[in-house]
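Survey of secondary and tertiary structure
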Amino acid sequence: MSYLKTALAASAVAIATTGMASATIIGATGVVVDAGGSSGGPVAVTIDQTGLNANYISGTTDFDSFVATTTHSFIASTEWFGDFQTNSGQLTFDLGSAQAIDAMALWNEESSGAGTFDLSTSLDGSSYTSLLTGLSGTDHTTLTDYAADVFTFATTTFRYIRMTMSGCPQPGIGSYESCAVGEVAFRAGEDVMAPIPLPGALPLALSGLFAFGGLQLRKRRKS
Ligand SMILES: [Ca+2]
C-alpha cells in the first residue's frame, strides 16, 4: 500500500511541477559571424552583457523583470556592427547545450540596427529549422541608451540559434550603414512535458495489493 501511495505521490509531484513556469534568463556562451563581416566591438559583446546597465546570472535571474528594466548603452564598442555598407549579415549564437527556450530578447542597436531578420534553430549546428521570419526590432533614437524587444515563440529545444539579417540598417539610421546588434539573451521555456507515464512500479504495486488483499481474505476465512 505504501508503495502505491509513493508511486501516486510521485506522479502528483510531476504534475504539480509542470504548472510552475521557469522564466530564467539564459545567456549564450558563444557567437560567430557567419556573414556580413565585423566592425565596431567584437561580436562577443552581443552576448557578454557589455553595454547593459545591469547584469544577469544565466539560469538564475528572472528574464521578464530583467529585460523589462535593463537598457543597453549606445556606445559603439559595446555593440557589434557588420562591415560598412553591408546590408545583410548573419550571427549564430551557441547556448552551450540544448535548452528549452521560448523567447529571445534583442537590444536592437540604436544607430543601425538589425533591419529585418529571421531566426532558425539547430541542435547540432549544421541542420537548421526556421523558427520565426520577418522580424524587426524597435528603431531606437540614435545616440540614446535603448531597451530590449522580446520575441516569443512556442517552447523549442535547441543549442544554436541563427539570426539572419537583411534590409540593414533600420530606417532611422545614424552614421553607419550596416547591420548591428547590441545584445541578445534568451528565456528558459517550460520543458515540453512528455505524457507522464505510469510509474513502472505501479502495476507491480497494484498486483501486490491484490495479493495482499487475497491473503487477508484467506486469513479471515481461516478464523
Ligand atoms: Ca552588448
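Everything quoted here is computed from the prediction, not taken from an experiment.

Calculation notes
Residues numbered from 1 in each chain as written. Predicted model: local features only at pLDDT ≥ 70, side-chain atom pairs only at ≥ 80, totals over all residues. Pairing = 2+ DSSP bridges. Helix = DSSP H or I, 4+ residues; strand = E, 2+ residues; numbered from the N terminus. Core = buried A, V, L, I, M, F, W, Y, C linked by C-beta atoms within 7 Å. Buried ≥ 20, exposed ≤ 12 C-beta atoms within 10 Å, placed from the backbone. Contact = placed C-beta atoms within 7 Å.

Let's shift gears to the sheet that holds strand β9 (residues 180–181). The strand order β3-β4-β9 describes an open sheet built from three strands, whose pairing is antiparallel. What marks the edges here is a single partner per strand, and that holds for β3 (39–40) and β9. Note: strand β4 (residues 80–81) against β9, two bridges, orientation antiparallel. Following the sheet pairing, F81 is matched in β9 by A180.

Let us look at the nonpolar core. In this structure, I26, F93, M104, A105, A114, V184 and F186 are the most contacted members of the largest nonpolar core, which totals 40 residues. Only β1 (25–26), α2 (63–69), β4, β5 (89–107), β6 (116–122), β8 (149–166), β9 and β10 (183–188) provide two or more residues apiece to this core. Excluding anything up to four places from it in sequence, A114 contacts N108, G137, M165, C168, C179, A180 and V181.

Counting through the fold element by element, D83 comes out in the loop between β4 and β5. D83 sits in the partly exposed class, given 16 other C-beta atoms within 10 Å. Sequence-wise, D83 and A35 are 48 residues apart; in three dimensions their C-alpha atoms are separated by 9.6 Å. Beyond its immediate sequence surroundings of up to four residues, D83 is in contact with G36, G37, S39 and S178.

A few words now on unusual backbone geometry. Excluding glycine, most residues fall at negative phi; most peptide bonds, likewise, are trans. In this structure, the amide linkage connecting C168 to the following residue, P169, adopts the cis form with an omega of -5 degrees. Inspection of the secondary structure puts P169 in the loop between β8 and β9. One non-glycine residue, Q49, lies in the positive phi region at around 75 degrees. Within the element layout of this structure, Q49 appears in the loop between β3 and α2. In this structure, Q85 is a non-glycine residue whose phi angle is positive, near 60 degrees. Residue classification places Q85 among the exposed positions, given that 8 C-beta atoms sit within 10 Å.

This next bit is on the pairing of β6. Burial along β6 is one-sided: the face carrying F117, L119 and T121 is buried and the face carrying T116, D118, S120 and S122 is not. In this structure, β6 lies alongside strand β7 (residues 129–136), joined through five bridges in antiparallel fashion. Residue S120 lies in a different strand from β7, and its bridge partner there is S130. Hairpin connection, β6 to β7: the antiparallel pair is bridged by six residues, and G125 has positive phi, about 85 degrees. Pairing analysis gives seven bridges linking β6 to β8, with the strands arranged antiparallel. Across the sheet, the residue bridging to T116 is S166, located in β8.

Our next topic: the environment of T61. On the secondary structure map, T61 appears in the loop between β3 and α2. Remark: the alpha-carbon pair of T61 and I26, spanning 35 residues in sequence, is separated by 8.5 Å. If sequence neighbours within four positions are ignored, T61 has contacts with T24, I25, Y56 and F66.

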